[in-house]
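# Coordinate inspection notes
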Amino acid sequence: MKESGNGHSVKSSSSSEYQITQLNGIGSDISILGKSHINFSSNNLSAPITAKRIRMMATVFEHRREATLTTDAANLIIDVNPSFTRLTGYTPREAIGRNPKILSSGAHAPEFYKAMWQCILHEGYWQGEILDRRKDGTTYPKWLTITAVRDENNDIVNYIGSFTDISQLSRT
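### Here we look at the nonpolar core
Of all hydrophobic cores here, the largest spans 21 residues; its most connected members are Leu69, Phe84, Leu103, Ile120 and Phe163. For this core, the secondary-structure elements that each account for two or more residues are strand 6 (67-72), strand 7 (77-80), helix 2 (82-88), helix 4 (110-123), strand 8 (125-133), strand 9 (139-150) and strand 10 (156-165). Take this core: its biggest share by element is 4 residues, from strand 9. Sequence-distant contacts of Leu103, that is, excluding residues within four places in its chain, are made with Leu69, Phe84, Thr88, Tyr90, Asp132, Arg133, Lys142 and Phe163.

So this is what it looks like as structure tokens:
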């Protein structure tokens, strides 16, 4: 336990995969694989954050078959999983810091996106089929879910997009 300089005690543990910092036992800031920062407040969680649980969450993100990206509130990509790279051709280095519009095929009218974002903002998510473009320029249909992540003040702090290529289903 260390003193933070402002009268708060700070507990920290880390490994090569993650770092957990806890301030006065009221919340945690977690850095997974040195990339992602996730703030957890003990008010929001039904189970304690443990190193084992953090490793499990990172493993799920890294190994899920659905391509997954996370953006900040300004809709700039902050993380992608390996399936994202496999499906789109964009590496994390190429995608992080960019808007997911890099995947746009141009096949949908602006009204489509306006309705999609209205649904995300009002319902908290949108799910449906969309035609997107890979890095190599090929287009493909995908089943996409975008979820808005809100904080304790109901402000959007992140968006999570998960998708899968459904071109095999579309051919049948």
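### Notes on the sheet that holds strand 8
Across the sheet, 5 strands lie side by side as 7-6-10-9-8; this open sheet has antiparallel pairing. Strand pairing shows two members of the sheet lacking a second neighbour, strand 7 and strand 8, which therefore form its edges. This sheet shows a mean twist of 25 degrees between the axes of neighbouring strands, independent of strand direction. Pairing geometry for strand 8 and strand 9, over 9 bridges, is antiparallel. What sits directly across from Tyr125, in strand 9, is Thr147. Along the sheet, helix 4 contacts strand 8, strand 9 and strand 10; its crossing angle with strand 8, the most-contacted strand, is approximately 150 degrees.

The rules behind each value
Residues numbered from 1 in each chain as written. Predicted model: local features only at pLDDT ≥ 70, side-chain atom pairs only at ≥ 80, totals over all residues. Heavy atoms only, no water. Core = buried A, V, L, I, M, F, W, Y, C linked by side-chain atoms within 4.5 Å. Buried < 20%, exposed > 50% of the residue type's maximum accessible area, 1.4 Å probe, protein only. Helix = DSSP H or I, 4+ residues; strand = E, 2+ residues; numbered from the N terminus. Contact = heavy atoms within 4.5 Å. Pairing = 2+ DSSP bridges. Axes fitted to C-alpha atoms, helices over the stretch in contact; angles between N-to-C directions.

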